[in-house]
Amino acid sequence: MAQDLWKDHRLSDRDGIQVVRLHEAPDAQDVVEAHLNGYGYSQLVTSLRSLPKATASLRGLTAVAAVRAAHTVAMAWKEHTHTTSQQSLAQADGASETQGTLEERVIAALTDWRGELDSLFGETNSLHTHDNPSLTVEDRCLLLALAVQQSAPMPVVAHSAAVLLEAIGRSTDAPGAATGSSPTVSALAGRGMRRRIQDVGGRVDMQDTVVFDRPAYGRAILEYVWDNYDLMRKPLLTWLVATARSADLEDHAVAALAELTVRHGTVDYLTTLSELVGGSHPQVLGAVMESAVRNEHVGRLAWEALYGWAEQKSYAPAVIALCRRILEDSSVDTSLAKRAMVRLRRVAHKNNDDAVVSQVLDAFDALVQHPTVAQRLAGEVHGWQQGKVSARSGALAFLALMTVRRDGTSWLVCSPPPDIDVQQRAVHDLLSSADTAAQVISRLTHWIRSCAGDPGAYTQLREQLLPALRGHNMFEAGMKLMNELRGISTAEGVSVADDFYNHLVDSRLRTVFPLEENIACGGRGTAPSVRVHPSSRASCPAPPTASPSRPCTRSPGDHADAYLPTWRRQYAPQCMPRPPRQRRV
């Protein structure tokens, strides 16, 4: 098996299995002989070794082609034994004749007939002549019928050819009809692909691989068509994108795109390319744009185009792909990295679409694992907290930094950058925003789960998070976080959710806001629904911001956080079971 096909490396560790790595294909004749011996044709192996012309036909075959050749030789042997009687094989005078017949059959079976067939399937020919070996389309169908039927009655062969001709779209009732009445007929009537490749300067090897090792000539061909056929430019762009096998500049199609789109020193065709395939192939467009921004002639124009694309939803994926490629390159110039960050920031700031924002976060999550980019994202968070850059970009950068681990612990927990306020500004602000609460709760849960088994680390993290979980607009987010913490326990076996709950919720209010039930908040205009202890239901006043005559116009989270401190101070004593009155003596 070829090395590039070997995937399951774990097999090498199992007893009784030995892995042999081949760095080149085995000898074709050895493969043929091994297969013939394996299928019980040992006598044929001896005969094959005595046929120099037959063995010469095996040279250069791949392992797959050699296996196919082994079956071909076996088939020729069966044909030979079927047509030669046992009596003639037993006669000594006929031995040389029999040997010659076998050699002819084997050589014929292994011969490369493509050269002869190229002449038979040559230029379109409507009338067969002796000086032109190219067959008419009717004769090509007849030859195909003979290839299948071999020896058969003439009516059978004629009927088979007529059926094939009719199947490809031309009726036998109209022998004088013009060639090309259907695309299939036109294709069969013309030159075969091998002949066409040879006519344009290529060649086809024994494995049917086209060889056209003329890169300079190839570039000249593309440039000639691009310069002289302006109506072909858009179809060429679309075709090259569809031909690309990967979004890498090493890919021939992507390299051709990168050269052609900036050939005239403008970015007009970069814009055209983005309009054609920006939404369907953003990675390919990103690779082409990477080449453009590094081009000394159109680099600045390409960066300007990207700045405008950043605020458009359809172009945003390509901008993100390019900026990610630039920032992942550790050797990239600082100015290019800075420009990439500016455009990523603009994508985040100008696009409200959840899918685009999610793509920016995915890019930040991947880029933050590079130390240099992590420092850039830390600077983005600092700029956000100082009010100098986009709040959304800074928030996404902080979410990405929450995934960075240093020495087995979260970087922002153990040794955060000194110019970032992790708890009061970042965590608090992200939890209080409906746009980012879900993401930060998920990442906080990962923080807490990772250190729950270490009493010291867990206590330190809990004490850092408690101040951020208190205050305005934090009631709903805090309850959601505690619900996410269900199932996590400390080293002492204490439920983390209960531990946070006991530290955050006043003991007098735990019967009103129990942890075992999620907050069932209605939509905007309704107050949050909470469970009130039965013993205090009669004396508990309604929430001060909602009444039948004055519906609430605030969000559930704002409503709960707004009335909770006041309600705790003014009304909570009325909701608690009243202690027995002391009799005055």
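Criteria and cut-off values
Residues numbered from 1 in each chain as written. Predicted model: local features only at pLDDT ≥ 70, side-chain atom pairs only at ≥ 80, totals over all residues. Heavy atoms only, no water. Helix = DSSP H or I, 4+ residues; strand = E, 2+ residues; numbered from the N terminus. Buried < 20%, exposed > 50% of the residue type's maximum accessible area, 1.4 Å probe, protein only. Contact = heavy atoms within 4.5 Å. Areas by Shrake-Rupley, 256 points an atom, 1.4 Å probe, with all protein chains shown as cover. Axes fitted to C-alpha atoms, helices over the stretch in contact; angles between N-to-C directions. Left-handed = near helix turned anticlockwise from the far one by under 90°. Nonpolar A, V, L, I, M, F, W, Y, C, P; charged D, E, K, R; others polar. Phe/Tyr/Trp six-rings, centres within 6.5 Å; stacked < 30°, edge-to-face > 60°. Core = buried A, V, L, I, M, F, W, Y, C linked by side-chain atoms within 4.5 Å. Parallel < 35°, antiparallel > 145°, perpendicular 65-115°, else oblique. Salt bridge = Lys/Arg side-chain N within 4 Å of Asp/Glu carboxyl O. Polar contact = N/O pair within 3.5 Å; in protein donor to acceptor, adjacent residues only side chain to side chain. Expected span 1.5 Å × (residues − 1). Patch = residues over 30% accessible without salt bridge, like charges linked within 9 Å, V, L, I, M, F, W, Y side chains within 5 Å. pLDDT = per-residue confidence, 0-100.

## Focus on the overall build of the protein chain
Scanning the protein chain for helices and strands turns up 30 helices and four strands. Evaluated residue by residue, the protein chain yields a buried proportion of 38% over its 585 residues. Relative to all contacts within the protein chain whose residues are 6 or more apart in sequence, the contacts with residues 24 or more apart total 60%. Here the protein chain has roughly 33,200 Å² of accessible surface; of this, 52% comes from carbon and sulfur atoms.

## Digging into the environment of T271
Relative to the assigned elements, T271 resides in helix α15 (residues 268-277). Measuring from C-alpha to C-alpha, the distance between T271 and A302 comes to 9.4 Å, with 31 residues separating the pair along the chain.

## Quick word on the packing of helix α19 (residues 334-350) against helix α20 (residues 354-367)
Closest axis-to-axis distance for the α19/α20 pair is 9 Å, and the angle between their directions is 145 degrees. Crossing of α19 over α20 shows left-handed handedness. Across the interface between the two elements, L344, V347 and A348 from α19 touch V356, V360, F364 and L367 from α20. Across the contact of α19 with α20, the residue classes tally to seven nonpolar, no polar and no charged.

## What to know about the packing of aromatic side chains
Following the criterion strictly, the structure yields four aromatic pairs and no others. With 5.1 Å between their ring centres and 70 degrees between their planes, W226 and Y269 make a pair best called edge-to-face. Note that W226 is positioned in helix α12 (residues 215-228) and Y269 in helix α15, a separation of 43 residues in sequence. Relative to Y315, the ring of W309 lies with its centre 5.2 Å away and its plane at 50 degrees, an arrangement referred to as tilted. Judged by its relative accessible area of 6%, W309 is buried. Y315 sits in the buried class, given a relative accessible area of 11%.

## Regarding the nonpolar core
General note: in soluble globular proteins, nonpolar side chains tend to be found buried as a group. Formed by 110 residues in total, the largest nonpolar core has its most connected members in L377, F398, L401, L431, L444 and F500. If sequence neighbours within four positions are ignored, L377 has contacts with M341, F364, V368, A397, A400 and L401. L44, A54, W77 and L102 belong to the second-largest nonpolar core, a separate cluster that totals 24 residues.

## Observations regarding the packing of α12 against helix α14 (residues 252-261)
As a packed pair, α12 and α14 sit with axes 11 Å apart at the nearest point and diverge in direction by 45 degrees. Here α12 is positioned oblique relative to α14, judged by the angle of their axes. The way α12 lies across α14 gives a crossing that is right-handed. Together, R219, L222, E223 and W226 of α12 and A256, E259 and L260 of α14 make up the contact between the two elements. Each residue belonging to the contact of α12 with α14 can be placed in one class, and the counts come to four nonpolar, no polar and three charged.

## Observations concerning the pattern of salt bridges
Pairing between side chains of opposite charge can happen when the charged atoms of each approach one another. Inspection of the entire model under this criterion finds 20 salt bridges. As a salt-bridge pair, E380 and R345 come within 2.6 Å of each other at their nearest N and O atoms. Residue E380 is found in helix α21 (residues 371-385), and its partner R345 is found in helix α19; the two are separated by 35 residues along the sequence.

## Some details on α14
Three or four residues apart is the spacing at which side chains of an α-helix point the same way, because the helix has 3.6 residues per turn. In terms of burial, α14 is a largely internal element, seven of the ten residues being buried. In this structure, the buried residues of α14 make contact with α12, α13 (233-243), α15 and α16 (282-293). Where α14 begins, the side chain of D251 points an oxygen toward the backbone nitrogen of A253, at a separation of 2.9 Å.

## Regarding α21
With 15 residues, α21 should reach 21 Å at 1.5 Å per residue; the first-to-last C-alpha distance of 21 Å fits that figure. When we look at burial in α21, the residues that qualify are V373, A374, L377, A378, E380, V381, G383, W384 and Q385. Just beyond α21, the residue with positive phi is G387, at close to 75 degrees.

## A look at a nonpolar patch on the surface
On the surface, a nonpolar cluster with roughly 330 Å² of combined accessible area is contributed by V210, F212, Y217 and I221. Tracing the backbone through its elements, the reader meets I221 in helix α12. The exposure class assigned to I221 is partly exposed, which follows from its relative accessible area of 35%.

## Notes on the side chain of Q423
Here Q423 is to be found in helix α24 (residues 422-431). When its relative accessible area of 11% is taken as the criterion, Q423 is described as buried. Contacts of Q423, omitting those with residues within four sequence positions, involve H428, Q464, L465 and A468.

## Brief notes about the confidence of the model for the protein chain
For the protein chain, mean pLDDT is 79; residues scoring 70 or higher make up 78% of the total. In the model of the protein chain, helix α30 (residues 572-575) stands out as the element of lowest mean pLDDT, 40, in contrast to α20, which has the highest, 95. Under a pLDDT of 50 for its full length, residues 92-100 has, in the predicted model, six contacts with residues more than four places off or in other chains.

## Remarks on the side chain of S390
Its place among the elements puts S390 in the loop between α21 and α22 (391-401). You can call S390 buried: its relative accessible area is 9%. Within the structure, S390 has its side chain in polar contact with the side chain of H349 (distance 3.4 Å). Ignoring sequence-local partners within four residues, the contact set of S390 consists of R345, H349 and W384.

## A short note on the environment of T238
Looking at the secondary structure, you find T238 in helix α13. With 39 residues separating them in the primary sequence, T238 and V277 have C-alpha atoms 7.3 Å apart.

## Comments concerning the environment of C323
Tracing the chain through its elements places C323 in helix α18 (residues 316-328). Judged by its relative accessible area of 0%, C323 falls in the buried class. Along the chain, C323 and A340 lie 17 residues apart, while their C-alpha atoms are 4.8 Å from each other. Not counting chain neighbours up to four residues away, the residues in contact with C323 comprise A340, R343 and L344.

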